[in-house]
Amino acid sequence: MRWNHVHLEGRRTAVPPVPPYIEVWRSVRATGDTKTRRSRRTLALPGRCIDALRAQRVQQAADRLAAGPSWQESGLVFTTAVGTEMDPANVRRDLSRALKLVPGLEPEDWTPRELRHSFVSLLSDAGVPVEMISQLVGHRGTSVTEIVYRHQIRPVIQTGATVMDELFGNAGNVR
């Protein structure tokens, strides 16, 4: 992710106003492109992400000063302490360090990929339609989102019981 694809202020003077957003149109992949055409999208940023990205910008400025002439400008949002691209081992290590600060989590149970699965599962549990979730994560259709990424957070399926209670009353159910 590059800073020139991150727009923390949005465009408030546009009609209609555009909230803060990120352009997921390019990638740091060897070809510089996203995995598929469908993966290209522009996403509004939630407040928590805006705050975290602002803090990251401040941290990166401090890293740039500390590195002095060793700093290698890459334009990337997440870099090593000298501005270079992070390798997968750096990312896994930093994620593990961050997760150690969260009570009740076992850092070794988590990988960066788990965050994507959690995003999909949380949206699904909150009632966001699978078609919208698929669009947000850049899937061509809903099947990969449903089969691979979406994990039921509350696995009790209540639809049948709810409909039957509505049709026939809930005589056997004491509430």
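Residues numbered from 1 in each chain as written. Predicted model: local features only at pLDDT ≥ 70, side-chain atom pairs only at ≥ 80, totals over all residues. Heavy atoms only, no water.

Caption draft 1: Highlighting the overall build of the chain. A tally of helices and strands in the chain yields six helices and three strands. Along the chain, helices and strands appear, N-terminal first, in the series β-β-β-α-α-α-α-α-α. Counting across all 175 residues of the chain, residues that qualify as buried make up 24%. Pairs at least 24 residues apart make up 36% of the contacts formed inside the chain by residues separated by at least 6 positions. Of the roughly 12500 Å² of accessible surface on the chain, a fraction of 58% belongs to carbon and sulfur atoms. (Helix = DSSP H or I, 4+ residues; strand = E, 2+ residues; numbered from the N terminus. Buried < 20%, exposed > 50% of the residue type's maximum accessible area, 1.4 Å probe, protein only. Contact = heavy atoms within 4.5 Å. Areas by Shrake-Rupley, 256 points an atom, 1.4 Å probe, with all protein chains shown as cover.)

Caption draft 2: Structural context of helix α1 (residues 47-67). With 21 residues, α1 should reach 30 Å at 1.5 Å per residue; the first-to-last C-alpha distance of 30 Å fits that figure. Of all the positions in α1, only Ile-50, Leu-53, Gln-56, Gln-60 and Ala-67 are classed as buried. In a view along the axis of α1, the buried residues occupy a sector of 115 degrees, so they form one face of it. Exposed side of α1, more than 90 degrees from the buried face: Arg-48, Asp-51, Val-58, Leu-65 and Ala-66 are the residues found there. Each element contacted by the buried residues of α1 is listed here: β1 (6-7). Among the residues trailing α1, Gly-68 stands out with phi positive, at a value near 55 degrees. (Expected span 1.5 Å × (residues − 1). Arc of directions from axis to C-beta.)

Caption draft 3: Quick peek at a nonpolar patch on the surface. A grouping of Val-163, Met-164, Leu-167 and Phe-168 is seen on the molecular surface, where their side chains present a nonpolar patch of about 440 Å² in accessible area. Along the chain, Phe-168 turns up in helix α6 (residues 159-168). (Patch = residues over 30% accessible without salt bridge, like charges linked within 9 Å, V, L, I, M, F, W, Y side chains within 5 Å. Salt bridge = Lys/Arg side-chain N within 4 Å of Asp/Glu carboxyl O.)

Caption draft 4: Layout of unusual backbone geometry. Following Val-15, the chain continues to Pro-16 via a peptide bond in cis, the omega torsion being -5 degrees. You can see Pro-16 is positioned in the loop between β1 and β2 (21-24).

Caption draft 5: Representation of the pairing of β2 within the structure. Alignment of β1 against β2, held across two bridges, turns out to be antiparallel. Counterpart to Val-6 in the pairing with β2 is Ile-22. Across four bridges, β2 lies against strand β3 (residues 41-44) in antiparallel orientation. Within β3, the position partnered with Glu-23 by the bridge is Thr-42. (Pairing = 2+ DSSP bridges.)

Caption draft 6: Quick look at the packing of helix α3 (residues 112-125) against helix α4 (residues 130-137). Between α3 and α4, the least distance of the axes is 10 Å, while the angle of their chain directions is 155 degrees. Relative to α4, the element α3 lies roughly antiparallel. Where α3 crosses over α4, the two elements pack in a sense that is right-handed. Of the residues in α4, those touching α3 at Arg-116, Phe-119, Val-120, Leu-123 and Ser-124 are Ile-133, Leu-136 and Val-137. Of the residues assigned to the contact of α3 with α4, the class counts are six nonpolar, one polar and one charged. (Axes fitted to C-alpha atoms, helices over the stretch in contact; angles between N-to-C directions. Parallel < 35°, antiparallel > 145°, perpendicular 65-115°, else oblique. Left-handed = near helix turned anticlockwise from the far one by under 90°. Nonpolar A, V, L, I, M, F, W, Y, C, P; charged D, E, K, R; others polar.)

Caption draft 7: Region of interest: the sheet that holds β2. The strand order β1-β2-β3 describes an open sheet built from three strands, whose pairing is antiparallel. Every other strand in the sheet has two partners, leaving β1 and β3 as the edge strands with one partner each.

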